[in-house]
Amino acid sequence: MKMSIREAINQTLHQEMARDERVIVMGEDVASDQGGVYGITDGLPAKFGLHRVIDTPITESAIVGAAGGAALTGLRPVAELMFVDFLGVCLDQILNQIAKFRYMFGGQARTPVVIRTMIGAGAGTGPQHSQILYPLLAAIPGIKVVTPANAADAKGLLTTAIRDDDPVIFCEHKALYMDECEVPEGEYLLPFGQARTAVSGSDITIVGMSRTAVLAEEAAGVLAQRGISAEVIDLRTLSPLDEGTVLESLAKTGRLVVVDEANPYCSMASEIAGLAVERGFDTLDAPVKRVTSPHTPVPATPCLELEYVPSVDKIIAAVEETLAY
Amino acid sequence: MDISPEKLADAYRLMKTIREFEERMRSEYQQGKLPGFIHIYRNQEAIAVAACLDMTNADYIASTHRGHGHCIAKGCEIEAMLLELACKEDGLCNGKGGSMHIADMSKGMLGANAIVGGGPPIAAGAALTAKTLGNGAVSLAFIGDGAADQGTVAESLNLAVVLQLPMIFMFENNRYAEFTKSPKPDGRIAERAGAYGMPSEVVDGSDFFAMYDACQRAIKRGREGGGPTAIEALCNRYYGHFEGDAQAYRDQDELAEERTASDPIPRFLADPRAAVLTVDKIAEIDAAIFAEIDRGFEVTYAAADPTPDKLYTDVYIHYEGRLR
Ligand SMILES: Cc1ncc(C[n+]2csc(CCOP(=O)(O)OP(=O)(O)O)c2C)c(N)n1
Ligand SMILES: [Mg+2]
């Protein structure tokens, strides 16, 4: 069935809550009539009751921390951190608590919590509601970071996330919510650490994630018309990272552009560039090119925000530069 | 209570300016002429105005996502505000902040805040500056009833007591946080502040005179070294959480009743203490307000967007030449 990412996430929550009583949903406004700001939790309270779909006060530290504590003791909570920017409020519970329980307690503990959160620019929401921040999260040992780029992947990856025994941060790009695609009916799981080859090609590899995977695919379409065969890889999960698929593609094309909406410093783009240099050096025919947002906060001004984010044009320019090397 | 005719006129002018400024904003926003998210302050005007009426530019406020009223009450210029809300180059923050991050350091307005509960620690820091410099300034944080639950608020309440800061915690209890009705009974927030050891009171936020009285006492206490005060102002959120939220989740009869009963402006004008404001005087003030707003929009729509190079200004950049 064709559905949007928003609908796919909603359907997955319905399916997983029906399948496993230990799955609960908690967060700000999640039990409201409209199912939160974007309607993601629509229909859940009516179906599963307010004891499993829990409206919380505005206290991210306690939401995330309590979800972690409940996970540690037998539930499988899906907590909502409305915008990833609010990570600032609850980072200790993620960084020092949830991420470390399993290791620090010598393997006694499991923390099957999913933190769903909204990322990205493009909605004119300004510096404190538009950040990416997944590189920060992916840098933390002990948590998994997931960045779906389409509705089918959102369903497959969220199902896996909920059934995973480790903490998972599930990043939903706000500019993609309404994007539709064909989504498998019924149970659908996608393994973590397995990238998707969105477009096959032979001249150059373009790696993206979340929204930049969508942009890369668009860019590949334009490049194809110019006779350039680009291979597009959507990472799907940042931690674990599918290094193999990236390196195999690089071995085939010899050229690499990485597109990441994060700030450039210590970004996923940097990580992939590092990977290429460290383990794909012999296959490189040109320097790796990164297309990222600049090293600045996200401006509120729509015209500057447009300038800020990676775009199809910027990707094409980077590809042409790399090919011309 | 001590209030001069000039102050009374100011109080009316500011409340009315906030009201008309936002009504005009709403209609422009609905026509797609303003970007971002906007949160309207209607029916809470008396709180901001009472809080800021006796402040000078040397005093500080930390605002919230619902901050237009706070800005106007603290003396921000209408035109500069509008330029910012439209994200223009000459706006208060050069268009980089917009409605949810508007700030005016020259007026002691330390910023709206898109992080709920982000403001109180900052206001505590400003109060620490005032205390350290011994300059008699005070610092006030506006805090929603929803925000009152944040850890940052609890921590700031405690810090203000421990350090005896010249600070006012202005809780605006409009009984809603986004689409969710407050589970806290009226007065619970003031009780919490009291439990940390600071004087606290519950005030009718649509009664300007009661608010002004409470604020005068709190400001005096702060200026004289008496430490922090908390005020829980009970009020009504007239419109939805953000512009475009139709509030289908609210009991419509109750809302209609609250909207009228909690409108601070007619209540202010009906009060005998406001009798010095004659019909003519009010008409004169109103005319000036509408003219200022019209002019503001005219200038704003003629104003330039920031040029692309502005993306890289006002930030420490160690990535020169490799920005993307
Ligand atoms: C840290 C953080 N959590 C959640 C939000 C989303 N959010 C924005 S406003 C709001 C409700 C705030 O309610 P309240 O403090 O009562 O202020 P009001 O909107 O009523 O003025 C929420 C949950 C946010 N911006 N920041
Ligand atoms: Mg409120």
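Residues numbered from 1 in each chain as written. Chains lettered and ligands numbered in written order. Predicted model: local features only at pLDDT ≥ 70, side-chain atom pairs only at ≥ 80, totals over all residues. Heavy atoms only, no water.

Asks: Explanation requested: the pattern of salt bridges in the structure shown.
Replies: It is possible for side chains bearing opposite charge to pair when their charged atoms get close. Residues and elements named next belong to chain B. Inspection of every chain in the model, using the stated rule, returns 45 salt bridges over all chains. A salt bridge links E20 to K16, with the shortest nitrogen-to-oxygen separation between them at 3.1 Å. Placement of both E20 and K16 in helix α1 (residues 5-30) is noted, with a separation of four residues, approximately one turn of the helix. Take K16: its relative accessible area is 16%, and that puts it in the buried class. For R223, the salt bridge identified is with D59, shortest N-O distance 2.8 Å. Taken together, the residues R223 in helix α8 (residues 208-223) and D59 in the loop between α2 (45-52) and β1 (60-62) connect sequence positions 164 residues apart. (Salt bridge = Lys/Arg side-chain N within 4 Å of Asp/Glu carboxyl O. Helix = DSSP H or I, 4+ residues; strand = E, 2+ residues; numbered from the N terminus. Buried < 20%, exposed > 50% of the residue type's maximum accessible area, 1.4 Å probe, protein only.)

Asks: How should the coordination of the magnesium ion (ligand 2) be read in this particular structure?
Replies: Ideal geometry at a metal centre: 109.5 degrees between donors when four sit tetrahedrally, and 90 or 180 degrees when six sit octahedrally. All names here are of chain B. Note on the magnesium ion (ligand 2): its protein donors are D145 (OD), N174 (OD1) and Y176 (O). The metal-donor distances range over 2.0 to 2.1 Å. In the primary structure, the donors to the magnesium ion (ligand 2) are separated according to the pattern D-x28-N-x1-Y. Comparing N174 with Y176 shows no difference in burial state: the two are buried. (Donors = N, O, S within 2.8 Å, 3.2 Å for Na, K, Ca; no water.)

Asks: Would you explain the interface of chain A and chain B in this entry?
Replies: Bring the parts together and some accessible area is lost; that lost area is often taken as the interface size. Across the contact, 39 residues belong to chain A and 40 residues belong to chain B. With both sides pooled, the region where chain A packs onto chain B buries about 3,200 Å², and carbon together with sulfur makes up 65% of that total. Across the chain A-chain B interface, the total number found is zero salt bridges. Our count for the chain A to chain B interface comes out at seven residue pairs in polar contact (both at pLDDT 80 or more). A total of five residues in the side of chain A that touches chain B trace back to one element, the largest contributor, which is helix α11 (residues 302-308) of chain A. (Contact = heavy atoms within 4.5 Å. Buried area = accessible area lost by both parts, 1.4 Å probe. Polar contact = N/O pair within 3.5 Å; in protein donor to acceptor, adjacent residues only side chain to side chain.)

Asks: Teacher, can you tell me more about the side chain of B:E89 here?
Replies: Residues and elements named next belong to chain B. Mapping E89 onto the fold places it in the loop between α4 (78-85) and α5 (119-133). Its relative accessible area of 19% is what places E89 among the buried residues. Filtering out sequence-adjacent residues up to four positions away, E89 remains in contact with N94, A304, D305, P306, T307 and K310.

Asks: I would appreciate a short explanation of the sheet that holds strand β4 (residues 76-83) of chain A in the present structure.
Replies: Hydrogen bonds along the backbone pair up the strands of a sheet, which may run parallel or antiparallel. All names here are of chain A. The mixed open sheet is built from seven strands, whose spatial order is β3-β2-β4-β5-β7-β6-β12. Of all strands in the sheet, those bounded by a partner on one side alone are β3 (53-55) and β12 (237-239). Strand-to-strand, the axes of this sheet are offset by a mean angle of 20°, without reference to chain direction. Here β4 pairs with strand β5 (residues 114-119) via five bridges, running parallel. Counterpart to F83 in the pairing with β5 is M118. Sitting on the sheet, helix α3 (residues 60-72) touches β2 (23-27), β4 and β5, and the angle it makes with β4 is about 165°. (Pairing = 2+ DSSP bridges. Axes fitted to C-alpha atoms, helices over the stretch in contact; angles between N-to-C directions.)

Asks: Please explain the site of ligand 1 as it appears in this structure.
Replies: In the region of ligand 1, 22 residues are neighbours, and A:E60, B:H65, B:R66, B:A114 and B:G146 sit closest. At the site occupied by ligand 1, the surrounding residues belong to chains A and B. Contacts to ligand 1 include B:A114, whose backbone N or O atom sits 2.7 Å from a nitrogen atom. Starting from 590 Å² of accessible surface for ligand 1 in isolation, the protein chains cover 96%. (Near = heavy atom within 4 Å. Areas by Shrake-Rupley, 256 points an atom, 1.4 Å probe, with all protein chains shown as cover.)

Asks: Can you walk me through the packing of aromatic side chains in this structure?
Replies: Any pair of aromatic rings gets described here by the distance separating the centres and the angle formed by the planes. Residues and elements named next belong to chain B. Counted according to the given criterion, the structure contains 15 aromatic pairs over all chains. Ring geometry for F208 versus F268: centroids 5.3 Å apart, planes at 85°, classification edge-to-face. Of the two residues, F208 sits in helix α8 while F268 sits in helix α10 (residues 264-270), which places them 60 residues apart along the sequence. Of the two residues, F208 and F268, neither departs from the other in class, the shared state being buried. When the centroid spacing of 5.4 Å and the interplanar angle of 5° are considered together, the rings of F209 and F268 count as stacked. Taken together, the positions of F209 in helix α8 and F268 in helix α10 put the pair 59 residues apart, joining distant regions of the chain. Looking at F209, the relative accessible area reads 2%, which means it is buried. Taken together, the ring pairs in this structure connect Y12, F208, F209, Y212 and F268 into an aromatic cluster. (Phe/Tyr/Trp six-rings, centres within 6.5 Å; stacked < 30°, edge-to-face > 60°.)

Asks: What am I meant to see in the layout of surface pockets here?
Replies: Roughly 400 Å³ of volume is contained in the second largest pocket. For the second largest pocket, the lining is made up of 19 residues, of which A:P127, A:P297, B:C93, B:K96 and B:G97 are closest to its centre. In the lining of the second largest pocket, the residues fall into ten nonpolar, seven polar and two charged. (1 Å grid on protein atoms, 1.4 Å probe; cavity = no way out; pocket = protein on both sides within 12 Å on 5 of 7 lines; lining within 4 Å. Points joined across faces, edges and corners; volume = space filled by probe spheres on them. Nonpolar A, V, L, I, M, F, W, Y, C, P; charged D, E, K, R; others polar.)

Asks: Looking at this structure, how should I read the domain arrangement of chain A?
Replies: All names here are of chain A. When the domains of chain A are assigned, the result is domain 1 (2-182) and domain 2 (196-324). Computed over C-alpha atoms, the centres of domain 1 and domain 2 are 26 Å apart. Facing the 28 residues of domain 1 at the interface are 23 residues of domain 2. Taking both partners together, domain 1 and domain 2 bury about 1,900 Å²; carbon and sulfur atoms supply 59% of that area. Counting across the interface, domain 1 meets domain 2 through two salt bridges. (Domains from an automatic or database assignment.)

Asks: How do you make sense of the sheet that holds strand β11 (residues 230-234) of chain A when you look at a structure like this?
Replies: All names here are of chain A. In spatial order, the strands read β9-β11-β10-β13-β14; together these five strands make up an open sheet with mixed pairing. Bordering the open sheet on either side are β9 (196-199) and β14 (289-291), each of which pairs with just one other strand. Averaged over neighbouring strand pairs, the angle between their axes works out to 25° when direction is ignored. Contacting β10 (204-208), β13 (256-259) and β14, helix α12 (residues 312-324) crosses the sheet at an angle of about 175° to β14.

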